[in-house]
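Coordinates in review
The chain contents come next:
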Amino acid sequence: MTEISAANLIPENFNIRGTTADIAGQIGMIWELIRTPLIVPLLRVAVYICLAMSLMLFFERLYMGIVIILVKLFWKKPEKRYNWEPMRDDLEIGNAAFPMVLVQIPMFNEKEVYKISIGAACNLSWPSDRIVIQVLDDSTDPVIKDMVEKECQRWASKGINCRYQIRETRGGYKAGALKEGLTHDYVKDCEYVAIFDADFRPEPDFLRRAIPFLMHNSDIALVQARWRFVNADECLLTRMQEMSLDYHFTVEQEVGSSTHAFFGFNGTGGIWRIAAISGAGGWKDRTTVEDMDLAVRAGLKGWKFVYLGDLQVKSELPSTFKAFRFQQHRWSCGPANLFRKMVMEIVRNKRIAVWKKVYVIYSFFFVRKVIAHMITFFFYCVVLPLTILVPEVDVPKWGAIYIPCIITTLNSVGTPRSIHLLFYWILFENVMSLHRTKATFIGLLEAKRANEWVVTEKLGDALKNKSHAKAKPKTIGFKIGDRIHLLELGFAVFLFFCGCYDFLYGKNNYFIYLFLQVITFTIAGFGYVGTIVPTS
């Protein structure tokens, strides 16, 4: 058999020694040799795949847009669609008319927000002998643990049944804390459990508005409220997050609830029937989205969920870029990992209808949790720029411009007040799609960071208090890893090269979009996104 050497693969006139111009010329010659037989077919296939994914996302968004219009015009409100009666005090039986409710508040070193969340839970309008406030503190800082415990004792001294619970280890993270919280003796009489993360602040009437859905409809397992953000106007990063999450609640959750199809539990701001949690197998920590895991398993058991868009809970958005990146990794990696682990279980389930299986597998998981991230990154940040360097591959206008514009318009309906930020939101979402796509692959392949859990940092009033405090001398040093992001900067260089090439030789004027995207990647690459927390 003939031995293959490097000389067989490199043209005879390729000179590895010479001037920069000579080497550039040789590289250009190799590029011309491999472009037609290899690069062009591969890139053309990539374009077809991206166009197919773009159409999948387009029809998904269009379907949900049509449904949400019908819901707003013709659907009755949840109070009319389900059996619902307002909670009333009964003079004959007294507080026995109110079911026992457990309120769980999982915490981890929540120095800035623990008082607000515990206070909001303790101020819920519910008979004090029919409610248990359970603070599940996994804090590792002994000072913070002491402060949280004293706050619980302060409320207990006022007659509120506020319990402070700690564990030996943080096994299972949030899922482990919630699971262990349900095993205590004083919980056995509770029928329902409301869950609020440490930065969530329910209004006093929260239970009175939500509990009747569970009391008068035995097939409902979950009532999910909408999130409202107290710091949405803090910076541009929080405005961008508000736009994305408002679409999720206004459209995705509403459509899943109204069509009785399926929607995921958001992990907080909701009330579960404890019997449904037990029947579905309880909390599991096999992924970083224990909330979605429980919701899918409960849905496979035939339980129904109700989303209440009018029932809102105040919360806080991560305002630092570092915290936001960790959160998005968990929110993208977890669903992909859960999809990998549950897809066959969903297929084999005989309790739910075929159309609901299709909805959960295709619409809820595949399109929204996988395709949506990948199409945004690969098409607009990789494939489209590469077609500039390979003019033989053409992207039709409907795929490059028209469909993305329609999808973007449909995505913006949740936050009309931020419509003027729409263009920058697109650029920022493209940057974040890089991390979401990477996290999605990690989840699908169950790679190294698949089970990484980093608690989202909450600042509460910390920055406000610092701004009113006496100014301190500024320090120059900062951690390079926290402010310099090489992946974003690398893509900024790549897109800048493609933009310059298009400006000089292109025909589609993509360079306008590319240069704007370069600016956004560069800003993110140097960490100038969100709130900059002082180091002193």
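By convention here, each chain's residues receive numbers from 1 onward along its written sequence. Under the rules for a predicted model, residues below a pLDDT of 70 receive no local features and side-chain atom pairs below 80 are neither given nor counted, while totals for whole chains, interfaces and linings still include all residues. Side-chain metrics rest on all non-hydrogen atoms present in the structure, leaving aside hydrogens and water.

1. Quick word on the side chain of Asp293
Considering the arrangement of structural elements, one finds Asp293 in helix α10 (residues 290–300). Between buried and exposed lies partly exposed: a residue is buried under 20% and exposed over 50% of the maximum accessible area for its type, with that area taken using a 1.4 Å probe on protein chains only. Taking the relative accessible area as the measure of exposure, Asp293 reaches 0% and is therefore buried. Leaving out residues up to four positions away in the same chain, Asp293 has contacts with Lys284, Arg286, Thr287, Leu338 and Met342. Segments assigned H or I by DSSP are reported as helices when at least four residues long, segments assigned E as strands when at least two residues long, and all are numbered from the N terminus. Contacts between residues were defined by any pair of non-hydrogen atoms, one from each residue, lying within 4.5 Å.

2. Topic: the UniProt feature "domain: Glycosyltransferase 2-like" (unreviewed entry) in the chain
In this structure's numbering, the residues bearing the UniProt feature "domain: Glycosyltransferase 2-like" (unreviewed entry) are residues 192–387. Within residues 192–387, the helical portion is 57% and the strand portion 15%, while the C-alpha atoms at the span's ends are 56 Å from each other. UniProt positions are given in the numbering used here, feature names are shortened, and annotations may be inferred rather than shown by experiment.

3. Some details on the sheet that holds strand β6 (residues 270–273)
Strand pairing follows a simple DSSP-based rule, namely that at least 2 bridges must link the two strands. Ordered in space as β3-β2-β1-β4-β6-β5-β7, the 7 strands form an open sheet in which the pairing is mixed. The strands lining the two open edges of the sheet, one partner per strand, are β3 (162–166) and β7 (304–315). Strand-to-strand twist in this sheet, taken as the mean axis angle between neighbours without regard to direction, amounts to 25 degrees. Across 5 bridges, strand β2 (residues 131–137) lies against β3 in parallel orientation. Bridge pairing links Gln134 to Arg163 in β3. A fitted line through C-alpha atoms represents every axis, and for helices the fit uses only the stretch in contact; the resulting angles, taken between N-to-C directions, go from 0 to 180 degrees. Packed on one face of the sheet, helix α4 (residues 114–122) meets β1 (101–107), β2 and β3 and runs near 175 degrees to β1.

4. Regarding the pairing of β1
When you tally the buried positions in β1, you get 7 out of 7 residues, the bulk of the element. Neither face of β1 is open: one carries Val101, Val103, Ile105 and Met107, the other Leu102, Gln104 and Pro106, and all of them are buried. By the bridge criterion, 7 bridges tie β1 to β2 in an arrangement that is parallel. Looking across to β2, one finds that Met107 is bridged to Asp137. By the criterion used throughout, a crossover qualifies as right-handed when its path from the first strand across the helix to the second strand runs clockwise, the strands pointing away from the viewer. The β-α-β motif built from β1, the intervening α4 and the parallel element β2 has right-handed crossover chirality. Pairing between β1 and strand β4 (residues 192–195): 4 bridges, direction parallel. Along β4, the bridge assignment pairs Leu102 with Val193.

5. Focus on the packing of aromatic side chains
Here a pair means two rings of Phe, Tyr or Trp (six-membered ring of Trp) with centres within 6.5 Å. Their orientation is stacked below 30 degrees between planes, edge-to-face above 60, and tilted elsewhere. As enumerated under the stated definition, the model contains 28 aromatic pairs in all. Measuring from centroid to centroid gives 5.2 Å for Phe196 and Phe206, while their planes differ by 70 degrees, and the two rings are edge-to-face. Of this pair, Phe196 sits in the loop between β4 and α7 (206–215) while Phe206 is found in helix α7, placing the two residues 10 residues apart along the sequence. Taking the relative accessible area as the measure of exposure, Phe196 reaches 2% and is therefore buried. Pairing Phe496 with Phe515 gives two aromatic rings, centres 5.9 Å apart and planes at 45 degrees, and the pair type is tilted. Of this pair, Phe496 sits in helix α17 (residues 486–505) while Phe515 sits in helix α18 (residues 511–525), and the two are 19 residues apart along the sequence. The exposure class of Phe496 is partly exposed, given its relative accessible area of 45%.

6. Thoughts on the packing of α10 against helix α11 (residues 321–348)
The geometry of α10 relative to α11 is characterised by a closest axis approach of 11 Å and an angle of 15 degrees between their N-to-C directions. Considered as vectors, α10 and α11 are oriented roughly parallel to each other. Classified by chirality, the crossing of α11 by α10 is right-handed. Where α10 abuts α11, its residues Met292, Asp293, Val296, Arg297 and Leu300 lie against Pro335, Leu338, Met342, Glu345 and Ile346. Looking at side-chain class alone, the contact of α10 with α11 contains 7 nonpolar, no polar and 3 charged residues. Oblique is the label for any angle not under 35 degrees, not over 145, and not in the 65 to 115 range, which are roughly parallel, roughly antiparallel and roughly perpendicular in turn. Left-handed describes a crossing whose near helix is turned anticlockwise from the far helix by less than a right angle; the clockwise case is right-handed. Note on residue categories: nonpolar means Ala, Val, Leu, Ile, Met, Phe, Trp, Tyr, Cys or Pro, charged means Asp, Glu, Lys or Arg, and polar means any other residue, Gly included.

7. What about the UniProt feature "transmembrane region" (unreviewed entry) in the chain?
UniProt records the feature "transmembrane region" (unreviewed entry) at residues 45–71, 358–389, 401–428, 484–504 and 510–533, using the numbering of this structure. Overall, residues 401–428 shows 64% helix and 0% strand. The separation of its end C-alpha atoms is 18 Å.

8. Observations concerning α18
Its 15 residues give α18 an end-to-end C-alpha distance of 20 Å, which sits within 8% of 21 Å, the value for a rise of 1.5 Å per residue. Regarding α18, the residues found buried are Phe511, Leu514, Gln517, Val518, Thr520, Phe521, Ala524 and Gly525. One or two residues past the end of α18 sits Gly527, with phi positive at roughly 75 degrees. A helix is expected to span 1.5 Å for every residue after the first.

9. What about the nonpolar core?
Throughout this description, the term nonpolar core refers to a set of buried Ala, Val, Leu, Ile, Met, Phe, Trp, Tyr and Cys residues connected via side-chain atoms within 4.5 Å. Core analysis: the biggest nonpolar cluster contains 101 residues, and Val103, Ile118, Leu207 and Trp272 have the highest contact counts within it. For Val103, the residues in contact, after removing those within four places along its chain, are Ala121, Leu124, Ile131, Val132, Ile133, Gln134, Ala194 and Phe196. Judged by nonpolar contacts, the second largest core, of 51 residues, contains Met240, Phe321, Phe324 and Trp425.

10. Some details on the packing of α11 against helix α14 (residues 422–445)
Orientation of α11 relative to α14, taken along the N-to-C sense of each, is 40 degrees, at an axis distance of 7 Å. Looking at the two axes, α11 sits oblique to α14. Taken as a pair, α11 and α14 cross one another with a handedness that is right-handed. Contacts between α11 and α14 involve Phe321, Phe324, Arg325, Gln328, His329, Ser332, Cys333, Ala336, Asn337, Phe339 and Arg340 from the first element and Phe428, Met432, His435, Arg436, Ala439, Thr440, Ile442, Gly443, Leu444 and Leu445 from the second. Class assignment of the residues belonging to the contact of α11 with α14 gives a composition of 11 nonpolar, 7 polar and 3 charged.

11. A word on a nonpolar patch on the surface
Where nonpolar side chains cluster on the molecular surface, the patch consists of Phe59, Leu62, Ile66, Ile69, Leu70, Leu73, Phe74 and Trp75 and spans about 810 Å² of accessible area. By the secondary structure assignment, Leu73 is in helix α2 (residues 20–74). You can call Leu73 exposed: its relative accessible area is 59%. A patch consists of residues exposed above 30% relative accessible area that lack any salt bridge, with like charges linked at up to 9 Å and nonpolar side chains (Val, Leu, Ile, Met, Phe, Trp, Tyr) linked at up to 5 Å. Exposure was quantified through the Shrake-Rupley algorithm and a 1.4 Å probe, taking into account, for residues, occlusion by the shown protein chains and nothing else. For this document, the term salt bridge refers to a Lys or Arg side-chain nitrogen within 4 Å of an Asp or Glu carboxyl oxygen.

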